[in-house]
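# Structure at a glance
The primary structure of each chain is shown beneath.
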Amino acid sequence: MLKGSIPALVTPFRNGALDLETLKKLVEWHIEQGSHGLAPVGTTGESPTLSHEEHETVIETVVQTVAGRIPVIAGAGSNNTAEAIRFVQFAKKVGADAALVVTPYYNKPTQRGLIAHYTALHECADLPIVIYNIPPRSVIDMSPATMGQLAKLPNIVGVKDATGDLARVCDQRMSCGPDFIQLSGEDATAHGFNAQGGTGCITVTGNVAPNLLSRMQEACLAGDYATALEIQDKVMPLHKAVFTEPGLCGVKYAMSRLGLCSDEVRLPLTTLTDETKALVDAGLAHAGLL
């Protein structure tokens, strides 16, 4: 089962190009630090500005480096169903454990369109699919009723829920069943999400604090919410600081402070302002990382 702390892996760059050697080192570091899975080439992996070839290179590199030690949930979303089919089939071909598919953004399909989109992806490859529901980015909000219909398909196995609405976890348990995997897509509420019935988080902050967040998730899974809350208190300032500007910019800067990778991002995103850097530094210090 997909569970625990699953970093939404950043894509490291050097002088504008993929830095695959650093990517491999990051994968090894996450495994050493106790991450329970990896989710490359989501929004945090800068999927909007990767070419198709770069997208596929990152997925294949991560799968090969992981070598079956932890699950890889490959980013495979698009607002073009044909393009998403390509990514899902590629993820299957190279051995990813699941595909993470965001609700189609910008073109605003109906709930009926969402069902058609995910059904087509379900039929294109025998690979578990995790729905990524993030209305603030995609505009579309998949309703619990629609998700319940899709959950009847055997390879639609779960959701990364970034609605920020903790009541959704309960609603989706009712519509999809208690075995449907629910992963938080929002670091700040991941602790409460688990208390409602979630089993983990696809995390941005986990890129820089994987050990702390894997321990928090393990405590939640064991029902030890007191210990989990102690860890949440340590990382909450870092969560808030990382998301002061777009989260991937914040976490790449934090990683650069620990010597893990460059803070380089692709336009239209930019590196952090000095004011935000100071907030991230303070968050790292509060978490005991700096």
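Below you will find a few notes about this structure.

What counts, and at which threshold
Residues numbered from 1 in each chain as written. Predicted model: local features only at pLDDT ≥ 70, side-chain atom pairs only at ≥ 80, totals over all residues. Heavy atoms only, no water. Buried < 20%, exposed > 50% of the residue type's maximum accessible area, 1.4 Å probe, protein only. Helix = DSSP H or I, 4+ residues; strand = E, 2+ residues; numbered from the N terminus. Pairing = 2+ DSSP bridges. Axes fitted to C-alpha atoms, helices over the stretch in contact; angles between N-to-C directions. Contact = heavy atoms within 4.5 Å. Salt bridge = Lys/Arg side-chain N within 4 Å of Asp/Glu carboxyl O.

A word on the pairing of strand β9 (residues 200-203). Burial along β9 is two-sided: the face carrying Gly200 and Ile202 and the face carrying Cys201 and Thr203 are both buried. Bridging between strand β1 (residues 4-7) and β9 involves four bridges; their strand directions are parallel. When the sheet's bridge partners are listed, Ile6 is paired in β9 with Ile202. Relative to β9, strand β8 (residues 181-184) is paired through two bridges, and the arrangement is parallel.

This brings us to the sheet that holds strand β4 (residues 73-75). Within a sheet, each strand pairs with its neighbour through backbone hydrogen bonds, oriented either parallel or antiparallel. Spatial ordering of the open sheet is given by β1-β9-β8-β7-β6-β5-β4, a layout of seven strands whose pairing is parallel. Unpaired on one side and paired on the other, β1 and β4 mark the two borders of the sheet. When the angles between neighbouring strand axes are averaged without regard to direction, this sheet yields 30°. Looking at chain direction, strand β7 (residues 156-161) and β8 are connected through four bridges and run parallel. Paired with Gly158 across the two strands is Ile181, which belongs to β8. Running at roughly 150° to β1, helix α9 (residues 210-221) makes contact with β1 and β9 of the sheet.

Our next topic: helix α11 (residues 247-257). For α11, the buried fraction is high: nine of the 11 residues fall into the buried class. Of the residues making up α11, those classed as buried are Gly247, Leu248, Cys249, Gly250, Val251, Lys252, Tyr253, Ala254 and Met255. For α11, the secondary structure elements touched by its buried residues are β2 (13-14), α1 (20-33), α10 (225-242) and α12 (274-286). Gly259 lies just past α11 and shows a positive phi near 75°.

Attention now moves to unusual backbone geometry. Cis geometry is adopted by the peptide bond preceding Pro268, which originates at Leu267 and carries an omega value of 20°. Relative to the assigned elements, Pro268 resides in the loop between α11 and α12. Residue Asn15 is not a glycine yet carries a positive backbone phi of 55°. As for its position among the elements, Asn15 is in the loop between β2 and β3 (17-18). Note on Asn15: relative accessible area 73%, which makes it exposed. Positioned with a positive phi, Val41 is a non-glycine residue whose angle comes to about 60°. Summarising the element assignment, Val41 is placed in the loop between α1 and α2 (52-66).

Moving on, we come to the pattern of salt bridges. All told, the structure shown has eight salt bridges when counted by the stated rule. Linking Lys24 and Glu21 is a salt bridge whose minimum nitrogen-to-oxygen distance equals 3.4 Å. Taken together, the residues span about one helical turn, with Lys24 and Glu21 both in helix α1 at a distance of three residues. You can call Lys24 partly exposed: its relative accessible area is 34%. One salt bridge in this structure joins Asp141 and Arg168, with 2.5 Å as the shortest N-O distance. With a gap of 27 residues between them, Asp141 in the loop between α5 (135-138) and α6 (144-150) and Arg168 in helix α7 (residues 167-176) connect regions that are remote in the sequence.

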